[in-house]
Amino acid sequence: MSLLLALSLVAPTTLAQSPSSPRDESVRVRIESDSPEVSLFRITSEGYGSVATAGGAGTVGIINYQRECRMPCDVTLRDPTTDFFIAGSGITPSRRFTLLDHGRDVSLQVDPGSSGLRFTGWVSTLVGVSLAIMGGTLMLIDSSSAEDSSLPEDKLFRKVGVGSLIGGGALMVIGIPLIAFNGTDVKFAPNKLTGNPRVDL
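Everything quoted here is computed from the prediction, not taken from an experiment.

1. Some points on the overall build of the protein chain
Part 1 of the reasoning: Within the protein chain, the secondary structure is distributed over three helices and eight strands.
Part 2 of the reasoning: Going residue by residue from the N terminus, the α and β elements of the protein chain occur as α-β-β-β-β-β-β-α-α-β-β.
Part 3 of the reasoning: Per-residue burial over the protein chain gives 28% buried out of 201 residues.
Part 4 of the reasoning: Across the protein chain, every contact between residues at least 6 apart in sequence was considered, and the portion connecting residues at least 24 apart equals 69%.

2. Digging into the nonpolar core
Part 1 of the reasoning: Counting residues in hydrophobic clusters, the biggest one holds 19 residues, and the most contacted among them are Ile31, Leu40, Ile86, Phe97, Leu99 and Leu108.
Part 2 of the reasoning: Of all the secondary structure elements, the ones that give two or more residues to this core are β1 (26–32), β5 (84–87), β6 (105–111) and β7 (185–189).

3. Let's talk about the pairing of β1
Part 1 of the reasoning: Only one face of β1 is covered, namely the one carrying Val27, Val29 and Ile31; the face carrying Ser26, Arg28, Arg30 and Glu32 has none of its residues buried.
Part 2 of the reasoning: As judged from the five bridges shared by β1 and β6, these two strands associate in the parallel manner. Of the residues in β6, the one forming a bridge with Arg30 is Ser107.

4. Here we look at the pattern of salt bridges
Part 1 of the reasoning: Summed over all chains, the structure comprises six salt bridges.
Part 2 of the reasoning: Here Asp74 ties to Arg30 by a salt bridge, and the two come within 3.7 Å at their closest N and O atoms. Placement of the pair is Asp74 in strand β4 (residues 74–78) and Arg30 in strand β1, with a sequence separation of 44 residues.
Part 3 of the reasoning: The partly exposed category is assigned to Asp74, whose relative accessible area is 46%.

5. Some words on the packing of aromatic side chains
Part 1 of the reasoning: Within this structure, the stated rule accounts for five aromatic pairs.
Part 2 of the reasoning: The interplanar angle of 90° and the centroid separation of 5.8 Å between the aromatic rings of Phe97 and Phe188 together place this pair among those described as edge-to-face. Residue Phe97 is located in the loop between β5 and β6, and its partner Phe188 is located in strand β7; the two are separated by 91 residues in the primary sequence.
Part 3 of the reasoning: Residue classification places Phe188 among the buried positions, given a relative accessible area of 3%.

6. Side note on the state of the cysteines
Part 1 of the reasoning: By the definition in use, this model includes one disulfide.
Part 2 of the reasoning: The partner cysteine of Cys69 in its disulfide is Cys73, sulfur to sulfur 1.8 Å. Between Cys69 and Cys73, the S-S torsion sits near -75°, and that sign places the bridge as left-handed. Of the two residues examined, Cys69 and Cys73, each falls in the buried class.

7. Examining the side chain of Asp79
Part 1 of the reasoning: The topology assignment puts Asp79 in the loop between β4 and β5.
Part 2 of the reasoning: A distance of 2.5 Å separates the side chain of Asp79 from the side chain of Thr81, its partner in a polar contact.

8. Re the environment of Pro72
Part 1 of the reasoning: Secondary-structure assignment places Pro72 in the loop between β3 (56–70) and β4.
Part 2 of the reasoning: Judged by its relative accessible area of 77%, Pro72 falls in the exposed class.
Part 3 of the reasoning: Separated by 42 residues in sequence, Pro72 and Arg30 have C-alpha atoms that sit 8.2 Å apart.

9. Details of the environment of Thr81
Part 1 of the reasoning: Note that Thr81 resides in the loop between β4 and β5.
Part 2 of the reasoning: For the pair Thr81 and Thr98, spaced 17 residues apart in sequence, the C-alpha to C-alpha distance is 5.9 Å.

About the thresholds
Residues numbered from 1 in each chain as written. Predicted model: local features only at pLDDT ≥ 70, side-chain atom pairs only at ≥ 80, totals over all residues. Heavy atoms only, no water. Helix = DSSP H or I, 4+ residues; strand = E, 2+ residues; numbered from the N terminus. Buried < 20%, exposed > 50% of the residue type's maximum accessible area, 1.4 Å probe, protein only. Contact = heavy atoms within 4.5 Å. Core = buried A, V, L, I, M, F, W, Y, C linked by side-chain atoms within 4.5 Å. Pairing = 2+ DSSP bridges. Salt bridge = Lys/Arg side-chain N within 4 Å of Asp/Glu carboxyl O. Phe/Tyr/Trp six-rings, centres within 6.5 Å; stacked < 30°, edge-to-face > 60°. Disulfide = S-S within 2.5 Å. Polar contact = N/O pair within 3.5 Å; in protein donor to acceptor, adjacent residues only side chain to side chain.

In structure tokens form, the structure reads like this:
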């Protein structure tokens, strides 16, 4: 009984003296960007769900998020341990990041990418890959036909195959840079209050 009484008296004291959780901290966030559409979002929860399709069952990711601020952004936020990202109308979503370990005053330099141009890049690249595969297949068929001397020579497959390879390659040359250069870059910039070094994401 004495031991239980002692524990009951010590426990509240121990909890009261324990350091505060990072979730109880607050961080002031500023965003620097040339785009007025830039917004800061917080991921509130995420999970997985099952979807029934004609070919069977599939798994999809489910992410819930909320907007914390929109340009011009100068806001104080609680719980810097959660994941954040930058997005907005016509803006490619950035990678996730946390505000933890960057001090109590954080400046974000945001260079937004165009989601429309990036989508165009993906479409161009996928069509280009499809054309290149089709062109390669037609070239193989033409090569097999040329080895069979009993069949009349037909250059149609060769012409279409070469055209598909050239067209597919051109589309990939256009699409890949559009994907690569239209991501949204976020940098933790140094600020006068804390002197944090700049970190690139």
